[in-house]
Amino acid sequence: MRLSAPIYALKRQAKLLARQTDIPLHQALDRIAGEAGFQNWSHLASSSKTQSPARDVLTQLAAGDLVLIAARPGHGKTLLGLELASRAAQFGRQGYFFTLEAHERDVEDYLSSLGIGPGSTDEAVVIDTSDEVSADYITARLAPEPGPALIVVDYLQILDQKRANPSLNDQIDALKTYVADTGAICALISQIDRAFDLSGKAMPDISDVRLPNPLDLSAFSKSFFLHNGMVQLAQTA
């Protein structure tokens, strides 16, 4: 059974329904799934995995890649990043999801929307919601990791929000050095500037990345842009 809309759009509908009807999000998710012809949200999420771009994206990544995942709000970039981390074990890697944006409950909701939860057959992803997340924090946390990691960071534009942290350029350089030295893969979720909405372009590109602080985007070896359920790869290095 094919979805009537991309899973990110169905999840957005469920969030709106939960706010409008004052019901828990998991109930709203199940209701949206039922309207789409599925038994519940877990059934929908399981069915959607064959349509998810995450596996295709993973097959395009290589050891040492520093990756950008960029989209406007509500177009699935966080879901994609979290699914990449959760599928890392299928490619012989430990998945890590570092977030300065989401709380643990938010991440649980995202995982639930992907059909990943208690009793799931998917390999565990390490979730870190510390307020201290930065390049130095990430590399220190992964220092004991015996094998190659797949790291997703949520999100690029707030890595340097604390004045005590190095500049964004310095942090990206540090992560680029880390993945080159260890064979890890690191993907950073990124915002797209709202001016894109008025540009008339079908897909955002590297010129649309929102940069409140200076950053050399050529540091990224690959960039994936999401919009309206589509994912487009751009080589950026």
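Our structure's up above, just so we're on the same page.
Rules behind the numbers
Each chain has its residues counted from 1, running along the sequence as written. Two thresholds apply to this predicted model, a pLDDT of at least 70 for residue-level local features and 80 or more for giving and counting side-chain atom pairs, whereas whole-chain, interface and lining totals are computed over all residues. With hydrogens and water set aside, each side-chain value is computed from the structure's full complement of heavy atoms. Working definition: helices are DSSP H or I runs of at least four residues, strands are E runs of at least two. Numbering for both runs from the N terminus. Restricting the calculation to C-alpha atoms gives the radius of gyration, and the globule rule supplies 2.2 Å times the number of residues raised to the power 0.38. Buried, partly exposed and exposed residues are distinguished by accessible area as a fraction of the type maximum, computed with a 1.4 Å probe on protein chains only: under 20%, between the cut-offs, and over 50%, respectively. Here, two residues are considered to be in contact whenever any of their heavy atoms come within 4.5 Å of each other. The protein chains shown are the only cover counted for residues, whose accessible areas, like all others here, come from Shrake-Rupley with a 1.4 Å probe. Under the convention used here, Asp and Glu are negative, Lys and Arg are positive, and both His and the chain ends fall outside the count. Charge positions are represented by NZ for Lys, CZ for Arg, CG for Asp and CD for Glu. Axis definition: a line fitted to C-alpha atoms, over the contacting stretch in the case of helices. Angles run 0 to 180 degrees between N-to-C directions. To sort the angles, those under 35 degrees are grouped as roughly parallel, those over 145 as roughly antiparallel, those from 65 to 115 as roughly perpendicular, and the leftovers as oblique. Each helix crossing is assigned a hand: it is left-handed if the near helix lies turned anticlockwise from the far helix by less than a right angle, otherwise right-handed if that turn is clockwise. Under the scheme applied here, ten amino acids are nonpolar (Ala, Val, Leu, Ile, Met, Phe, Trp, Tyr, Cys and Pro), four are charged (Asp, Glu, Lys and Arg), and all others, including Gly, are polar. Helix span is expected to be 1.5 Å times the residue number reduced by one. Along the arc lie the directions from the helix axis toward the C-beta atoms. Side-chain rings of Phe, Tyr and Trp (the six-membered ring for Trp) are treated as a pair once their centres are within 6.5 Å; stacked means planes under 30 degrees apart, edge-to-face means over 60, and tilted covers the remaining angles. Whenever two N or O atoms come within 3.5 Å, that pair is a polar contact, provided that in protein one can donate a hydrogen and the other can accept it, and provided that, for residues adjacent in sequence, both atoms are side-chain atoms. The criterion for strand pairing is that DSSP finds at least two bridges linking the strands in question.

Next up on the list: the overall build of the protein chain. Check the secondary structure of the protein chain and you find eight helices and seven strands. At 17 Å, the protein chain has a C-alpha radius of gyration in line with the 18 Å of a compact globule built from 237 residues. In terms of overall dimensions, the protein chain has a C-alpha envelope of 50 × 45 × 35 Å along the principal axes. Taking all 237 residues of the protein chain together, the buried fraction comes to 49%. Excluding contacts between residues fewer than 6 apart, the proportion of contacts in the protein chain whose partners are at least 24 apart in sequence is 70%. Working note: accessible area of the protein chain is about 11400 Å², and carbon and sulfur atoms make up 48% of it. Taken together, the 21 basic and 28 acidic charged side chains of the protein chain have centroids lying 5 Å from each other.

Glancing now at the packing of helix 1 (residues 7-21) against helix 6 (residues 104-113). At a minimum axis separation of 11 Å, helix 1 and helix 6 run at an interaxial angle of 125°. Between helix 1 and helix 6, the angle is such that the two are oblique. Of the two elements, helix 1 crosses helix 6, and the hand of that crossing is right-handed. Note on element contacts: helix 6 touches helix 1 through Asp109, Tyr110 and Ser113, opposite Ile7, Lys11 and Lys15. Each residue belonging to the contact of helix 1 with helix 6 can be placed in one class, and the counts come to two nonpolar, one polar and three charged.

Moving on: helix 8 (residues 168-182). Here helix 8 is 15 residues long and its end C-alpha atoms lie 21 Å apart, about the 21 Å a rise of 1.5 Å per residue gives. Buried residues of helix 8: Leu168, Gln171, Ile172, Leu175, Tyr178 and Val179, and no others. Relative to the axis of helix 8, the buried residues are bounded by an arc of 120° and lie together on one face. Across from the buried face of helix 8, at angles greater than 90 degrees, the exposed residues are Ala180 and Asp181. Residues of helix 8 that are buried sit in contact with strand 1 (66-71), helix 7 (135-142), strand 4 (149-154) and strand 5 (185-191). The first or second residue beyond helix 8 is Gly183, which carries a positive phi of 80°.

The set of residues buried in helix 6 consists of Val107, Asp109, Tyr110, Leu111 and Ser113. Just downstream of helix 6, Gly115 is the residue with a positive phi angle, here 80°.

Within this structure, the stated rule accounts for two aromatic pairs. Here the aromatic cluster, defined as three or more aromatic residues joined through ring pairs, consists of Tyr96, Phe98 and Tyr137.

Here we take up the environment of Thr99. Along the chain, the position of Thr99 falls in strand 2 (residues 94-99). Considered as a pair, Thr99 and His227 are 128 residues apart in the sequence and their alpha carbons are 22 Å apart. Setting aside residues no more than four positions away along its own chain, Thr99 makes contact with Val107, Asp128, Thr129, Ser130, Val133 and Asp154. One polar contact links the side chain of Thr99 to the main-chain amide nitrogen of Ala102, over a distance of 2.9 Å.

Here the focus is the pairing of strand 6 (residues 222-227). Burial analysis of strand 6 places six of its six residues in the buried class, the great majority of the element. For strand 1 and strand 6, the ladder comprises four bridges, and the chain directions are parallel. When the sheet's bridge partners are listed, Leu68 is paired in strand 6 with Ser223.

Right, let's talk about the environment of Phe97 for a bit. Mapped onto the fold, Phe97 is located in strand 2. Residue Phe97 is classed as buried on the basis of its relative accessible area, which comes to 1%. Separated by 16 residues in sequence, Phe97 and Gly81 have C-alpha atoms that sit 8.0 Å apart. Setting aside residues no more than four positions away along its own chain, Phe97 makes contact with Thr78, Gly81, Leu82, Ala85, Val107, Val125, Val126, Ile127, Asp128, Val152, Asp154 and Ile189.

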